Amino acid sequence: MSNRFFQPISGFDLPRFAGVPTFMRLPHVHPEHPKFSEVEIGLIGVPWDSGTTNRPGPRHGPRQLRDASTMIRAQHAASGFRPFEAANIADLGDVGPNPADIQDSMTRITTFYDQVVDAGIRPLTAGGDHLTSLPVLRSLSKAHGPLGMIHFDSHTDLFHSYFDGTMYTHGTPFRRAIEEELLDPKRVIQIGIRGTMYDSEDRDFADAVGIRIVPIEEFFARGLDDVMQEAREIVGNDKTYVSYDIDFVDPTFAPGTGTPEVGGPNSYQALQVCRALNGLNIVGADMVEVSPPFDQSGNTAYLGVSIMFELLCAMLDQR
Ligand code: MN
Ligand code: MN
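Residues numbered from 1 in each chain as written. Chains lettered and ligands numbered in written order. Predicted model: local features only at pLDDT ≥ 70, side-chain atom pairs only at ≥ 80, totals over all residues. Heavy atoms only, no water.

Describing the packing of helix α1 (residues 61–68) against helix α10 (residues 299–315)
For clarity, the threshold we go by: Here an axis means a line fitted to C-alpha atoms, over the contact stretch when the element is a helix, while the angle between two N-to-C directions is reported on a 0 to 180 degree scale. We count a stretch as a helix when DSSP gives it H or I for four or more residues in a row; a strand needs E for two or more, and each element gets its number in order from the N terminus. If an angle is under 35 degrees, it is roughly parallel; if it is over 145, roughly antiparallel; if it lies from 65 to 115, roughly perpendicular; otherwise it is oblique. Whether two residues touch is decided by their heavy atoms; if any such pair falls within 4.5 Å, the residues are in contact.
Interaxial distance between α1 and α10 falls to 8 Å at its minimum, and their mutual angle equals 75°. Comparing the axis directions of α1 and α10 gives the class roughly perpendicular. Taken together, the residues of α10 that come into contact with α1 (itself represented by Gln 64, Leu 65 and Ala 68) are Ala 301, Tyr 302, Gly 304 and Val 305.

This is how it looks when you write it as structure tokens:
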């Protein structure tokens, strides 16, 4: 049961457009804050897009996601669950990257997340491009060993390298995570994969190591419930990470991203897949690739934080 300190500011008490925006209007608890050790789930911004190979912008994601998250209320509409009463949840602030140095940025991110994981806090990250997941997984895997992963995306992000040997981009994080044994490939499922391809190198790698790929054609042919039941069976009861690239969603609903792919799930299905994660052993999750410059309306960010709220509820198992 959460204590009073960890409650969001209600729109009944202060209008949603007023005040300093934190994630979901929760208190900002930085690692030196006296309440840091009481936090159970930490919302963290990683404003970083140095892994982006094409259209940039996710460095601006956390700020717009925080602003949009002032729209989130305290109670889940379908289940009635109230996550902020079930656990101590706080905004842990941003990790400051070094936008000119990828390796230094990853070191900074892992150092920050080491503090979070050592304090027993489960991180829910707002990226950042998809390379953000790699330094986060390095921290989590140090504490928990190789993890299972449910990954929503248009892309596998399993390529070996870009530009003749560049190993760290937003198209390679999970290749590195498998090589570094941060993930157990036999407990990894990637859902929603689509779009024109460079070649089959990423899928051949997935087949070779035992990663399950569910292309969008299969997702729609079998239906959401059936696919998500398989996802639950693949990760089982062991420790699992959930990585959610906003480009999983059709660009009609989520245009604010660097690598959109048409023919995807709608915004309702984007929430429903999260509801199917309830009760899994989720040690961390992320929402990445929201790029505000490509959607000045802010609707992509609002969908992003709505997904974050669903992930938060799933992480707290309200059944
Ligand atoms: Mn991705
Ligand atoms: Mn993607």
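So, the coordination of the manganese ion (ligand 1)
The test is simple: Donor criterion used throughout: N, O or S atom within 2.8 Å of the metal, extended to 3.2 Å for Na, K and Ca. Water excluded; incomplete-looking sites may result. Per-residue accessibility, obtained with a 1.4 Å probe over protein chains only, is compared with the maximum for each type, and a residue is labelled buried under 20%, exposed over 50%, and partly exposed between these values.
In the first shell of the manganese ion (ligand 1), the protein supplies His 130 (ND1), Asp 153 (OD), Asp 157 (OD) and Asp 245 (OD), at 2.1 to 2.2 Å from the metal. Written as a sequence motif, the donor arrangement for the manganese ion (ligand 1) is H-x22-D-x3-D-x87-D. A spacing of 3.2 Å is found between the manganese ion (ligand 1) and the manganese ion (ligand 2), which share Asp 153 as a donor. On the criterion of sequence distance, the pair formed by His 130 in the loop between β3 (122–127) and α4 (133–144) and Asp 157 in the loop between β4 (147–152) and α5 (173–179) is long-range, its members being 27 residues apart. What makes His 130 buried here is its relative accessible area of 0%. With a relative accessible area of 6%, Asp 157 lands in the buried category.

Focus on the nonpolar core
Applicable threshold: Put simply, a nonpolar core is a bunch of buried Ala, Val, Leu, Ile, Met, Phe, Trp, Tyr and Cys residues held in one set by side-chain atoms that sit within 4.5 Å of each other.
In this structure, Phe 152, Ile 191, Tyr 244, Leu 277 and Ile 307 are the most contacted members of the largest nonpolar core, which totals 55 residues. A total of 11 residues in this core trace back to one element, the largest contributor, which is α10. Ignoring anything within four residues of it in the chain, the contact list for Phe 152 reads Ile 191, Met 228, Val 242, Ser 243, Tyr 244, Asp 245, Phe 248, Val 273 and Leu 277. With 39 residues, the next largest nonpolar core counts Ile 109, Val 117, Leu 134 and Ile 193 among its residues.

A closer look at the packing of aromatic side chains
Applicable threshold: Paired rings are identified among Phe, Tyr and Trp, the last through its six-membered ring, by centres lying within 6.5 Å, and are further divided according to the angle between planes into stacked (under 30 degrees), edge-to-face (over 60) and tilted (the rest). Only Lys NZ and Arg CZ are tested; either one counts as a charge over a ring when it is within 6 Å of the ring centre and within 35 degrees of the ring normal.
Enumeration over the complete set of coordinates arrives at 12 aromatic pairs. Taking 6.3 Å as the distance between ring centres and 50° as the angle between the ring planes, the aromatic pair formed by Phe 84 and Phe 309 counts as tilted. Highlighted residues: Phe 84 in helix α2 (residues 83–86) and Phe 309 in helix α10, separated in sequence by 225 residues. Of the residues examined, Phe 309 reaches a relative accessible area of 7% and is grouped as buried. Between the aromatic rings of Phe 112 and Tyr 113, the centroid separation amounts to 6.0 Å while the plane-to-plane angle is 65°, which identifies the pairing as edge-to-face. Each member of the pair Phe 112 and Tyr 113 is classed as buried. Linked through ring pairs, Phe 152, Phe 219, Phe 220, Tyr 244 and Phe 248 together constitute an aromatic cluster. We note Lys 35 situated over the ring of Phe 5; from NZ or CZ to the ring centre the distance is 5.1 Å. Seen from the ring of Phe 205, Arg 175 lies directly overhead, with NZ or CZ sitting 4.0 Å from the centre.

Side note on the pattern of salt bridges
Note the following rule: In what follows, salt bridge is the name for a side-chain nitrogen of Lys or Arg lying within 4 Å of a carboxyl oxygen of Asp or Glu.
By the definition in use, this model includes 17 salt bridges. The salt bridge partner of Asp 104 is Arg 108, with a shortest N-O separation of 2.8 Å. Of this pair, Asp 104 and Arg 108 are both found in helix α3 (residues 102–118), 4 residues apart, which corresponds to roughly one turn of the helix. With its nearest N and O atoms 2.9 Å apart, the salt bridge here joins Arg 138 to Glu 180. Taken together, the residues Arg 138 in helix α4 and Glu 180 in the loop between α5 and β5 (183–193) connect sequence positions 42 residues apart. According to the relative accessible area criterion, Glu 180 is partly exposed, its value standing at 31%. What emerges from the salt-bridge pattern is a single network uniting Arg 212, Glu 218, Arg 222, Asp 226 and Glu 230.

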